[in-house]
2 protein chains.
Amino acid sequence: MNLNRNQIADLPKTKKIHLINAITGFKPVNLIATRNTNGMENVAVFSSVVHLGSNPGLVGFVLRPTTAQRDTYENILNATYYTINHVHEGIIEQAHQTSASYPKDVSEFGKTGLTPEYIDGFQAPFVQESRVRMGLRVQKVIDIELNGTKFVIGQIEQISIPDTTLVHEHGYLNLEKAESMALVGLDGYHKASLVARKSYATVDQPTRTIKLEDNGK
Amino acid sequence: MNLNRNQIADLPKTKKIHLINAITGFKPVNLIATRNTNGMENVAVFSSVVHLGSNPGLVGFVLRPTTAQRDTYENILNATYYTINHVHEGIIEQAHQTSASYPKDVSEFGKTGLTPEYIDGFQAPFVQESRVRMGLRVQKVIDIELNGTKFVIGQIEQISIPDTTLVHEHGYLNLEKAESMALVGLDGYHKASLVARKSYATVDQPTRTIKLEDNGK
């Protein structure tokens, strides 16, 4: 299949949405949870979380101007804290259901069967069922005028990974064992298995395959 | 494992880099290819490509201030066109090797054994070995002053998926069949397999599981 600019523009609407949402490759599947200043909790699924830097730990995500995502945005603006929680195979149903357009005064936690959990005094709720979780404070919101989306950047201020065997000695995170999901397009939930870890690439030498450390298996 | 802000800051450097790079979840693995106005070609691997919108098709990625990525940036600024190409299991070695710091006057295509391919008059090279490919024109570069990275946004102007069975009737893209890779952290290449497609979520009904269309299997 080979499409130029005009042929892409002429794709049927549904086909275009599915294809363009999938064409960037596998996406992470995360629940972003917030609490507004009145104590109202919110949780919604996002597939646009992206690593921006390690020191400090900065993470971005894309907000679309939709109902489900607008509550998340308003809560982050008001309360400044939020959490990002991996979705694993056991909570696909609940996570996907958070994308429905619930009214503003309804918590998706109650409606979907996910459980808010407060850890270590962090001000936003974590998702108790999630196995890899981080707490963030918003640093910057960038308006992307090209299509009316917003790019929200936060700094990681809390990390919660209850199963310590997921974190290997030198920091490798075993997301296969965590059963974290990878998404295709809008709705294709995949599990992933390790093919190989590759050593740091240099000009003069071919890369080696790294063995997974025993403490993490 | 439970770390607060100070404990995160105090992590050993290598452990912090691996952990923070992995904590956002699975990442897409893409080769970004460019050609500068002198005809010099460049290709480098990126795991930060993110979907921004479908109509028009807008895609972002994060550029770090490193040698391997700076050539890509300068070429995009000068030539405006670039391509994003999925990495599959058969080209992990070549893709990972593009992250080595080759000199400016050396093409990573020649050094890594990847092949540039020009399609349909599009001005940037595609990676011939890749199975899911798109051509873009840069729309905007956003400086992220928090850590000196840049967020590059382009519009999709060309799509090339040689194996038509990868694209299902309504646009679902079979990335399991394409063997597209999902990355953990800096170096953990994973293959993915479909668990379930879930129907559009609504407030009143539980989501259904969608069957993959037969034409794509």
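As the structure is a computational prediction, the values presented were derived from the model and not from experiment.

**Topic: the overall build of chain A**
For chain A, the count of helices and strands is five helices and 14 strands. In terms of C-alpha radius of gyration, chain A reaches 19 Å, essentially the compact-globule figure of 17 Å for 217 residues. Projected onto its principal axes, the C-alpha coordinates of chain A cover approximately 55 × 55 × 30 Å. Taken across its 217 residues, chain A has 59% of its residues classed as buried.

**A word on the confidence of the model for chain A**
Per-residue confidence for chain A gives a mean pLDDT of 93; residues scoring 70 or more make up 96%. Under the prediction, the complex receives an ipTM of 0.95, its pTM being 0.95.

**Some details on the environment of B:Thr209**
All names here are of chain B. Mapped onto the elements of the fold, Thr209 is located in strand 14 (residues 209-210). Once the C-alpha coordinates of Thr209 and Lys198 are considered, the two residues, eleven residues apart in sequence, prove to be 4.7 Å apart. Setting aside chain neighbours within four positions, we find Thr209 in contact with Ala196, Arg197 and Lys198. A distance of 2.9 Å separates a polar atom in the side chain of Thr209 from a polar atom in the side chain of Lys198.

**Digging into unusual backbone geometry**
Residues A:Asn55 and A:Pro56 are joined by a peptide bond in cis, for which omega reads 5°. Tracing the chain through its elements places A:Pro56 in the loop between strand 5 (50-54) and strand 6 (57-63). Backbone geometry at B:Asp120 places phi at a positive 60°, although glycine is not the residue there. Along the chain, B:Asp120 falls in the loop between strand 8 (116-117) and strand 9 (126-127). B:Asp120 gets classed as exposed once you look at its relative accessible area, which sits at 53%.

**Some remarks on the pattern of salt bridges**
It is possible for side chains bearing opposite charge to pair when their charged atoms get close. Residues and elements named next belong to chain A. Applying the stated criterion to the full structure yields 16 salt bridges over all chains. Close ionic contact of Asp71 with Lys104 constitutes a salt bridge, the shortest N to O distance being 3.4 Å. Placement of the pair is Asp71 in helix 3 (residues 67-79) and Lys104 in the loop between helix 4 (92-97) and helix 5 (108-112), with a sequence separation of 33 residues. Here Asp71 falls in the buried class, since its relative accessible area comes to 9%. By relative accessible area, Lys104 is classed as exposed at 54%. For Arg133, the salt bridge is made with Glu117, and the minimal N-O distance between the two is 2.9 Å.

**So, the relation of the copies chain A and chain B**
Superposition of chain A onto chain B requires a rotation of 180° combined with a translation of 0.0 Å along the rotation axis, giving an RMSD of 0.0 Å. The symmetry that links the two subunits is that of a two-fold axis. When each C-alpha of chain A is compared by its distance to the rotation axis, A:Ala192 comes out closest, at 2.0 Å. Both copies share a contact surface, since 100% of the interface residues of chain A are interface residues in chain B too.

**Details of the nonpolar core**
Residues A:Leu173 and B:Leu173 are the most contacted members of the largest nonpolar core, which totals 74 residues. Those residues within four positions of A:Leu173 in sequence are excluded, and the remaining contacts are A:Val132, A:Ile161, A:Leu166, A:Val167, B:Leu19, B:Ala22, B:Ile23 and B:Val184. The next biggest cluster of nonpolar side chains, apart from the first, holds 16 residues, and it includes A:Leu52, B:Leu52, B:Val62 and B:Phe151.

**Regarding the pairing of strand 11 (residues 149-160) of chain A**
The buried fraction of strand 11 of chain A is high, at eleven of twelve residues. Bridge count between strand 6 of chain A and strand 11 of chain A: six bridges; the pairing is antiparallel. Note on strand 11 of chain A: the bridge partner recorded for A:Val62 is A:Phe151. In sequence, strand 10 (residues 133-144) of chain A turns back onto strand 11 of chain A through a hairpin of four residues, with A:Gly148 there showing a positive phi of about 75°. One ladder, built from two bridges, connects strand 11 of chain A with strand 1 (residues 2-3) of chain B; its direction is antiparallel. If you follow A:Ile159 over to strand 1 of chain B, its bridge partner there is B:Leu3.

**Topic: the interface of chain A and chain B**
On the chain B side, the residues contacting the 101 residues of chain A number 101 residues. Of all residues in chain A, A:Met1, A:Ile23 and A:Phe26 give up the largest surface area on contact with chain B, accounting jointly for 9% of the area buried on that side. At the junction of chain A with chain B, the criterion picks out six salt bridges. Across the pair A:Asp187 and B:Arg197 runs a salt bridge whose closest N-O atoms are separated by 2.9 Å. The interface formed by chain A and chain B contains 41 residue pairs in polar contact (both at pLDDT 80 or more). The dominant element in the side of chain A that touches chain B, judged by the number of residues it contributes, is strand 13 (residues 188-198) of chain A, at eleven residues. Broken down by class, the residue content of the side of chain A that touches chain B amounts to 48 nonpolar, 37 polar and 16 charged.

**Some remarks on the side chain of A:Thr98**
All names here are of chain A. For Thr98, the position within the fold is in the loop between helix 4 and helix 5. You can call Thr98 buried: its relative accessible area is 0%. A distance of 3.0 Å separates the side chain of Thr98 from the backbone nitrogen of Val45, its partner in a polar contact.

Reading the values: rules and limits
The residue numbers shown here count from 1 along each chain, following its written sequence. Key to labels: chains lettered from A, ligands numbered from 1, both in the order written. Predicted model: local features are reported for residues with pLDDT of at least 70 only, side-chain atom pairs are reported and counted for 80 or more only, and whole-chain, interface and lining totals are derived from all residues. Values shown for side chains rest on all heavy atoms present in the structure; no hydrogens or waters enter the calculation. Numbering of helices and strands starts at the N terminus; helices are DSSP runs of H or I of at least 4 residues and strands are runs of E of at least 2. The globule rule used here is 2.2 Å times the number of residues to the 0.38 power, and the radius of gyration it is set against is calculated over C-alpha atoms. Relative accessibility decides the category of a residue: with a 1.4 Å probe and only protein chains considered, values under 20% of the type maximum give buried, values over 50% give exposed, and everything between is partly exposed. The quantity known as pLDDT measures the predictor's confidence residue by residue, on a range of 0 to 100. Contacts are assigned to residue pairs with any non-hydrogen atoms lying within 4.5 Å of each other. Here a polar contact is taken to be a pair of N or O atoms separated by no more than 3.5 Å, where protein atoms must pair a possible hydrogen donor with a possible acceptor and residues adjacent in sequence count only if both atoms sit in side chains. Any Lys or Arg side-chain nitrogen found within 4 Å of a carboxyl oxygen on Asp or Glu counts as a salt bridge. Least squares is the method for superposing the copies, and the C-alpha atoms it fits come from residues with pLDDT of at least 70 in both. To qualify as a nonpolar core, a set must consist of buried Ala, Val, Leu, Ile, Met, Phe, Trp, Tyr and Cys residues joined through side-chain atoms within 4.5 Å. For two strands to be treated as a pair, DSSP must find at least two bridges joining them. Note on definitions: buried area is the accessible-area loss of two parts on being combined, 1.4 Å probe, summed for both. The classification used treats Ala, Val, Leu, Ile, Met, Phe, Trp, Tyr, Cys and Pro as nonpolar, Asp, Glu, Lys and Arg as charged, and all other residues, Gly among them, as polar.

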